[in-house]
Amino acid sequence: MCHNYAMGNTILRDAVIISAVGVGMVLTFQHRDKVYAMAGLERPSPQQEVILSAPAPQVQINQGSVVSIPKSQRDGQFWADATVNSGYVRFLIDTGASAVALTPEDAQKAGLRLHELNYDVPIRTAGGRNMAARVSLKSIAVGSITLRNIEALVVPEGLETSLLGMTYLGQLQKVEATPSALLLRF
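Please read these numbers as outputs of a predicted model, since none were measured by experiment.

### Here's the deal with the pairing of strand β8 (residues 145–154)
- Most of β8 sits inside the fold, with seven of its 10 residues counted as buried.
- Bridging between strand β5 (residues 100–102) and β8 involves three bridges; their strand directions are parallel. Note on β8: the bridge partner recorded for Ala 101 is Leu 153.
- Summarising the sheet, strand β7 (residues 128–142) and β8 pair through nine bridges and their orientation is antiparallel.

Below you can see the structure in the form of structure tokens.
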């Protein structure tokens, strides 16, 4: 029981850290003119500037679909088995994570080649500071809900389990927690 509690705290801490990094990235991007000015740099012209963003996710489900994720009796968390690209990944559902975050093992299951990724996104995990790789996943399917072109991070160290964050969940009509299940609605 104590091990499960410690693991839950570690997962929660990692989720909070990844969420904070995501918020920091968004705020930095939104205020990039001020950041450039404070650093004494000239902002690149629009022709030189590269904006890293995935195409808008496309939803392929039946209108009114509901996927019910039961609460784990073991740890009280919500776990989802999903198809990511062509592989299967078990996610901890984390509404506090700004992005989907994959462990290296799960990234490989999704068909990503770890040695080809560019680990240039600074993050902080339970293991300390680290660099993650930004990727665009072809698809993530949880039950009958499939989204395409989902932005995610591959976290090489310090993340014990993959997180299903807001780059997936935020595209849904509603995410609702009940005492026994998490309902994903579209």
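### Things to note about the nonpolar core
- Ranked by size, the top nonpolar core spans 32 residues in total, and within it Ile 140, Val 142 and Tyr 168 carry the most contacts.
- Where this core is concerned, the elements lending two or more residues are β2 (66–70), β3 (79–84), β4 (87–93), β5, β7, β8, α4 (166–169) and β11 (181–185).
- Not counting residues up to four positions away in its chain, the partners in contact with Ile 140 are Ala 82, Thr 83, Val 84, Val 100, Ile 145, Thr 146, Leu 147, Ile 150, Leu 164 and Tyr 168.
- Listed in part, the 12 residues of the second largest apolar core include Ala 97, Ala 101, Ile 123 and Leu 153.

Calculation notes
Residues numbered from 1 in each chain as written. Predicted model: local features only at pLDDT ≥ 70, side-chain atom pairs only at ≥ 80, totals over all residues. Heavy atoms only, no water. Buried < 20%, exposed > 50% of the residue type's maximum accessible area, 1.4 Å probe, protein only. Helix = DSSP H or I, 4+ residues; strand = E, 2+ residues; numbered from the N terminus. Pairing = 2+ DSSP bridges. Core = buried A, V, L, I, M, F, W, Y, C linked by side-chain atoms within 4.5 Å. Contact = heavy atoms within 4.5 Å.

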